[in-house]
Amino acid sequence: MRFLLDPEQTAFARSLDALLTAADTPAAVRSWGAGDHAAGRALWSRIADLGVFALAVPEAYEGLGPRPVEVAVAFVELGRHAVPGPSVETVAAAALLSEPRLAHLAKRFLPEVASGGTVMTLALPGGGPYVLDGDVADVELGVGVTGAGELRVAREAAGPEGRTSRVRRSLDPARRLCLPRPGGELLATGPPVVAGAAHAVRWARLATAAQALGVGLALLDRTVAYVKQRSQFGVPVGSFQAVRHRLADAKIALEFARPLVLGAALSLDPADVAAAKVAACEAAYATARTALQLHGAIGYTAEYDLSLWLTRARALRSAWGSPGECRAVVLGDGADAGFG
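Below you will find a few notes about this structure.

Scoring rules and cut-offs
- Residues numbered from 1 in each chain as written.
- Predicted model: local features only at pLDDT ≥ 70, side-chain atom pairs only at ≥ 80, totals over all residues.
- Heavy atoms only, no water.
- 1 Å grid on protein atoms, 1.4 Å probe; cavity = no way out; pocket = protein on both sides within 12 Å on 5 of 7 lines; lining within 4 Å.
- Points joined across faces, edges and corners; volume = space filled by probe spheres on them.
- Helix = DSSP H or I, 4+ residues; strand = E, 2+ residues; numbered from the N terminus.
- Nonpolar A, V, L, I, M, F, W, Y, C, P; charged D, E, K, R; others polar.
- Pairing = 2+ DSSP bridges.
- Buried < 20%, exposed > 50% of the residue type's maximum accessible area, 1.4 Å probe, protein only.
- Polar contact = N/O pair within 3.5 Å; in protein donor to acceptor, adjacent residues only side chain to side chain.

### A word on empty space enclosed by the protein
Empty space among the atoms becomes visible once a probe the size of a water molecule is rolled across them. According to the stated counting rule, one finds 1 cavity of 30 Å³ or more in the structure shown. Taken as a whole, the largest cavity holds about 70 Å³ of empty space. Along its surface, the largest cavity is lined by V83, G85, S87, V88, E89, L132, D133, A174, R175, Q211, R312 and L316. No other element matches the 3 residues that helix α5 (residues 87-97) contributes to the lining of the largest cavity. Residue composition of the lining of the largest cavity, by class: 5 nonpolar, 3 polar and 4 charged.

### Considering the pairing of strand β3 (residues 139-144)
Alignment of strand β1 (residues 120-123) against β3, held across 4 bridges, turns out to be parallel. Looking at the pairing, A123 lines up with G142 of β3. Inspection of the sheet shows β3 paired to strand β4 (residues 150-154) by 5 bridges, in the antiparallel sense. Opposite V143, over in β4, you have L151 as the bridge partner.

### Remarks on the sheet that holds strand β5 (residues 167-168)
Strand order in the open sheet formed by 3 strands is β2-β6-β5, and the pairing between neighbours is antiparallel. A single partner strand is all that each edge strand has here, and the edge strands are β2 (131-132) and β5. As paired elements, β2 and strand β6 (residues 177-178) share 2 bridges and run antiparallel to each other. Residue pairing for β6: V131 is matched across the bridge by C178.

### Comments concerning the side chain of R312
For R312, the position within the fold is in helix α11 (residues 306-318). The class for R312 is buried, based on a relative accessible area of 3%. Within the structure, the side chain of R312 is placed 3.3 Å from the backbone oxygen of V83, a separation counted as a polar contact.

Set out below in structure tokens:
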């Protein structure tokens, strides 16, 4: 099946691309990884002004959505530019709170999410012992496994030193893993939380798949440009047949992943979303391996901007569900709420 974006969606993607191109995102990513969030928060506000986070928030709570196709379009661009921050987690939290039986919580939190005034992060059962970017998030939501499920919110009470002490080293320096905040206000329990969590997983996997697709496209574009200007034996490396074959394989994998991502955005079926995540993340990871090989020694240096996309491709591969867990969902052997 062939999916084509309409003119409005295409213009939206171009506007977001133009904004991020002019924003020097590599510098913001490096600052974010070092614990300086000022540039990243400013970029977050500009992205929100374009309506990216409002797309995941229902109109009843001052949003524009839910519009999963547009969310996928936006997250391809966020991945293409390696934008830092818990953007996937914010979208997932908005999906969780959009559960009709949690309307009182949606009214409390979602208007600020839509406007970009609140950065949210979310931890669900099975997601490991850490929460992403908990040191910068204004609101940290956590779903527990006791009883039929409970939803808590923890806000930062400690000073800057307390926030820093929670941070743990991550494969991707710009994805800061933090220990969960202890305690917190109990917001809801029971079936609404379970249903909301399952919905959140689908949105998180969709956004992760779209982000991975963007990461892969950026890696491919950068590698093609590099092999055109790097010479060996007096000719560009890109003229070698073996190099062209590697790049063609990466291009095909990414192009096959694109319709799966858009199709999953249309259906939001758990199996479709899981399939899209596997395809996009595996394509991005394979492209990262190709990019690293074709760049040679410079590709291994953290100072070279390529590393920002290389580490992101590896981290997204296991975020919100490993390849094995997502394949189990596709085959009907795994629960929708399972992720690593």
